[in-house]
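Chains, contacts and geometry: an overview
So you can see what is in the structure, the chains are spelled out below.
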Amino acid sequence: MTRPARTSRRLAAGAALSALFVAFLAACGGSSNSSNPAASTSTGVNGGTATIDMASAPDSLDPQYGYTVEAGEADWITYTPLLTYAHASGVAGTQVIPGLATALPVVSNGGKTYTLTLRSGLKFSDGTPVTASDFTYAVERMLKLNWGGDSFFTQTIVGASAYLAGTATSISGITTNDSTGKITIRLTAPYGAFDNLLAFPSVAPVPAGTPFTNEPTNPPSGVGAYIIKDVIPNQSFELVRNPLFASFHIPGIPTGHLSTIKVNIITNTTTEAEQVLDNQVDNFDAGDTVPAALLSQIKSQAADRFSLQPVETTYYFFLNQSKAPFNNKLAREAVNIAVNREAFQRLAGGTINPGCYLLAAGLVGHPTKPCPWGTLDSADLSKAKSLIQQAHLVGAPVTVYGEQVSPVEQWVEYYAGVLKDIGFDVTIKFVDGSTYFPTVGSQTADPQTGYSAWAEDFPNPVDFYLLVNANSIQPVGNRNRSYVNDPHIQSELSKLDVVPTSQLQSVASQWSALDYYVASQADELVFGYGTAPEFFSDRIDYSTAVFSPIWFNDWSTWELSK
Amino acid sequence: MTRFIIQRTAQMVVVLFCISIFTFLIFQVIPNGNPALRLAGQAATPQTIAAIERQWGFDKPIYVQYLDTMQKILTGSVISYSQQINVLDQIKRGLPATISLAGGAAVIWLLFGMALGTLSALRAGRFSDRVLAVLSLVGISMPSFVVATVALYLLAYKVHVFPLSGYVSLAQDPWQWFLHLVLPWFSLSIIYVGFYSRVLRSNMLDTLAEDYVRTATAKGLSRRRVIVGHVLRASLIPLMSLWGLDFAGVIGGGAILVEVVFNLNGVGQYAAESIQTLDVPPILVIVMYGAFLVVVLSAMIDVLYVVLDPRVRLTA
C-alpha cells in the first residue's frame, strides 16, 4: 500500500477477494479498541514457541539484502548493528542506543568523522569472534548486494560510491583496528542522521568470508538474541534463541524469552486474521493489513489483544509544481482546503489517522499547531472553488495517478471527485502496483498529481524531507514527486540536516516551523498517517510485548502468558 | 509411434520457443517495468540503478537478455529478481502441493462430471435433468475463489471440520494431507464438474442417436452394455481431450486463486506472487513449464484416443 520498497508486497488477489466474501458472512460486533501499554514488568513465562502468520514473505532474511518490514522484524533481533534502537514502544523506541559498539559514536571534524569502539568478547552465533573489520565487510557486502537503502551510504561515506561503482577495491572512508576494536568512518559531509544509518541491520557485522551473494535460504551468522534457521522461501522460517547472546550483557537489548518463533507465510490475510482470532496462531504480522470485513469483529472479540499502533508513515497526494495547474499556489491551496481528511480515514476503515503535516505524528518536529487549512474534519468547497476561479483554472485538465488497490483506489476516487467539484477537468489513471512508484517517479510520465506514501527508513525528519528536498529530484526513482524547489526549505535543510540524531530535540522547534511552512505552502496534500495492527492470540502476554515504532513487533520481548 | 514422438517433440520445441519469446517480450514493453527500478529500492540514486542494470545485464540488448535468461533456465541456474532464489528449486518445492491439488481435483471433476453427465443424458427432458442442468450452471457460474472462500469460512473457521489453510505432505501425514486438500479439491472441481457434465450430456445425446447404437440395441445387448460399452465410450473421447488440457493447465500453475486462498504454496501461488512483483524469470519458467505439460499431456491424450477408438490413427 505504501511505497514499493520498505513495505509489504501483498498478494492482494486472493486475499482481497476473500475479504469481499467474508464481508457478508462475518458477524459484526461493537467496536472497542484497546491500546497496548508499553512493556511492563514480566508476568509471563520463559521458553515455549510462538507462531506468526505473515502475508508477505521477507524479500530476504540476509541482513545485507532484506529491506522490507517483514525482513526487518526478524533481522533486527538477529543481527545487532553497532548502534540500534531502544526496545521500547512509542517515542522511546526511536532512541538510538549502543548495540555492538561500546557507546554512541564520538563525532569530530565538524561532523564528518564518526569513531566507535566494538565491544570486546563478542561472538557470532556460530562461535566466530567478531572483529571491527567485520563491520567494513558488512558495509561492502551490503553495497555489492544492492541493498534497497544503499544510497544512504554511498551518498555519505567517503569512498562508498567508488566502491559500488567498482572503481575502488575497498571503502576508503572506513578504517578499523581489529586489536583495539576501533572503527573510524569519514563522511563526505556532515550528516546528522548518520547514527540512524548505523542502526540498520544491513550494516550489522557478519563473518568475513560470507559470500557476496544474497543468502536467502541460509542467512549468515549474526550477533543477536535469535538465530534464523530452517528457511523455506515463501513458506516458513524459524528463529531460535542464540545461546551465546546473553553472555554479552549488552544493556537495553533483550536476550529473548521464547525458545522458538515460527513464522508461516500465508497469503490469505482473512485466514491469517481468523487463525489469530481463533487462537490457532499467536500473531498477525504487523506488516499486514487486517481485512476491513473482519476489523469490527476483531475489535469486538479480541479487544484485549488487538490495537492499531501508529507508525511513521505519511499518506499524501503529490502536487507537481513544475507544471500546470499545481505550479499555481492557489490551485494547491484549493485542494488542501477542499478535502475532508477524515473522509480518507473513513475510506480506510479507520486504519489511518488524519493529518496535514509531512512529518508524521510521532516524529520530532511534528507541528502541534492546527492545520493551516482548517480542521481535519472539514472541507470548504466554496472557498476552494473561488480560489480556482481566481486563478483562472476552471476546466483545467488534471490527471490523477493511483493504484487500484484498496483503500488507495477509494482515496483516489474521492480526491478526483473533489478536484472535479472545485472546477478541474479530471481524469483518473490507475497503474498496476508493481510499476506504480517507478511510473510516478519517472520524468517520462511526469504526472501532475497522484497518490503517494512515505514510511520512515529511520526516525529522523531528514528522511521525510527527501520528499521536498530539491536535491532529491532525479529523472528516475524521483522521490520529490511534487518537484518542490524552495530556497527557504533548502536553506533550512542545510542547517537541520547536519544536527546529530542525539540532539534532535534541540532543533524540534525549527523542524516544526519548517513543517508548518511546507504545509502552508501547500507543497503536498497530506491527508493522514499510518497504523499497524498489533494482534495476538491469548497465549502471548500482551502487557510485556513491545511494539517498536521502527521494526514493529519486537519478538524478543514476547512471553507466553502464565 | 516413433515418428509421432519425434514430430510431437519438434512441435513442443517450437511451441516453447514461441511462448518464451512472447512472454519475455510482454515484460519488456510494460511501461516502467525495468526491474532495476524495483530492485534499487525507494531511495535509489541513478548511480545505484545503473549499477544494478550492469550487474543483472538489464543494460544489454533485449535479445542478449533473452538468451542469457534462456541459458540460465536450461542450465537450472535461473534466479528470481526480487528474492534471488533459484526458480527451479522453488517450482520443485511447490510441485507436490500442486500435483496433489490437481490430481485429486481432476479425479473428482472427471468422476462427478461423468456421473452427472450420464445421469442427465439418460434422463433428458425430465425433472431430474432440469435440476442437474441448473446445478451445472451454478457450478460453472461460481468462481472457484468464491466457493473456496465460503467453504473455508463455514467448514474451517466456523465449524472446524477442516484446517484453515496450508499443505501437509503425503509422506509426512497422509490423513492431514487429505484433510488439508478436501476443500481445495472440491473448490477447484465444481466449475469443471458443471462444465464436463454438460459436455458429456450433449455428446451422449448425439451418440444415442447414432445408427450403431440402434444396431447394438437391436442385437439384443442390455441397455447397460449399450450405454457403457458404446455410448459412454464414444462420448468420452472429446472429454478426455478436454480433461488432459485442463489437468495440464491446473498442474502447470493454473489454480492460482485456489492455491492462494488455501495457502497451498504450490506453483500457482508462486506464479501469483511473481506476477505481482513482475518477476520475469519465475513467470517465464512457470509459463514454459505449463506449456510443456499441455503439449505432453495433449500427446498422451492422442495415444489414449487410439485405445478408446481404434478408428483413430496416430498422426502429429
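Our structure is the block above this text.
We now turn to the structure provided with this report. Quantities reported herein were computed from a predicted structural model and do not represent experimental measurements.

Reading the values: the criteria
Residues numbered from 1 in each chain as written. Chains lettered and ligands numbered in written order. Predicted model: local features only at pLDDT ≥ 70, side-chain atom pairs only at ≥ 80, totals over all residues. Heavy atoms only, no water. Helix = DSSP H or I, 4+ residues; strand = E, 2+ residues; numbered from the N terminus. Buried < 20%, exposed > 50% of the residue type's maximum accessible area, 1.4 Å probe, protein only. Contact = heavy atoms within 4.5 Å. Areas by Shrake-Rupley, 256 points an atom, 1.4 Å probe, with all protein chains shown as cover. Rg over C-alpha atoms; globule rule 2.2 N^0.38 Å. Lys, Arg positive; Asp, Glu negative; His and termini not counted. Charge placed at Lys NZ, Arg CZ, Asp CG, Glu CD. Disulfide = S-S within 2.5 Å. Buried area = accessible area lost by both parts, 1.4 Å probe. Salt bridge = Lys/Arg side-chain N within 4 Å of Asp/Glu carboxyl O. Polar contact = N/O pair within 3.5 Å; in protein donor to acceptor, adjacent residues only side chain to side chain. Patch = residues over 30% accessible without salt bridge, like charges linked within 9 Å, V, L, I, M, F, W, Y side chains within 5 Å.

Here the focus is the overall build of chain B. Within chain B, the regular secondary structure consists of 13 helices and zero strands. Mapped from its N terminus to its C terminus, chain B presents α and β elements in the order α-α-α-α-α-α-α-α-α-α-α-α-α. When its C-alpha atoms are laid out on the principal axes, chain B stretches across 85 × 55 × 40 Å. Looking at the 316 residues of chain B, the share that counts as buried comes to 51%. Residue pairs in contact within chain B that sit at least 24 positions apart in sequence constitute 71% of those at least 6 positions apart. Of the roughly 14,600 Å² of accessible surface on chain B, 68% is carried by carbon and sulfur atoms.

Each helix and strand in chain A was counted, giving 16 helices and 19 strands. For 562 residues, the compact-globule formula gives about 24 Å, and the C-alpha radius of gyration of chain A, at 23 Å, lands near that figure. Taking all 562 residues of chain A together, 64% fall into the buried category. For chain A, contacts bridging at least 24 residues in sequence account for 73% of all contacts bridging at least 6. Accessible area of chain A: about 18,000 Å², with a carbon and sulfur share of 52%. Averaging the positions of the 31 positive and the 48 negative side-chain charges in chain A gives two centres separated by 5 Å.

Once that is clear, we can look at the state of the cysteines. Residues and elements named next belong to chain A. What the rule picks out here adds up to one disulfide over all chains. Paired by a disulfide, C356 and C371 hold their sulfur atoms 1.9 Å apart. Taking the sign of the S-S torsion, -110 degrees for the link of C356 and C371, the bridge is left-handed. One end of the pair, C356, is in the loop between β13 (352–354) and α11 (381–390); the other, C371, is in the loop between β13 and α11, and 15 residues separate them in sequence.

Here the focus is the environment of V199(B). Looking at the secondary structure, you find V199(B) in helix α8 (residues 174–208). Taking the C-alpha atoms as reference, V199(B) lies 39 Å from I30(B); in sequence the two are 169 residues apart.

With that settled, the discussion passes to the interface of chain B and chain A. Listed as interface residues are 50 residues of chain B and, on the opposing side, 59 residues of chain A. Note on chain B versus chain A: buried area summed over both sides is about 4,600 Å², and carbon and sulfur give 54% of it. Linking chain B to chain A there are zero salt bridges. If you look at where chain B meets chain A, you find 11 residue pairs in polar contact (both at pLDDT 80 or more).

The next thing to look at is a nonpolar patch on the surface. Residues F17(B), I21(B), L25(B) and I62(B) make up a contiguous nonpolar surface patch of about 330 Å² in total accessible area. Here the nonpolar patch takes three residues from helix α1 (residues 2–29) of chain B, the largest share from any one element.

From the geometry alone we can't say anything about function, so treat these as descriptive.
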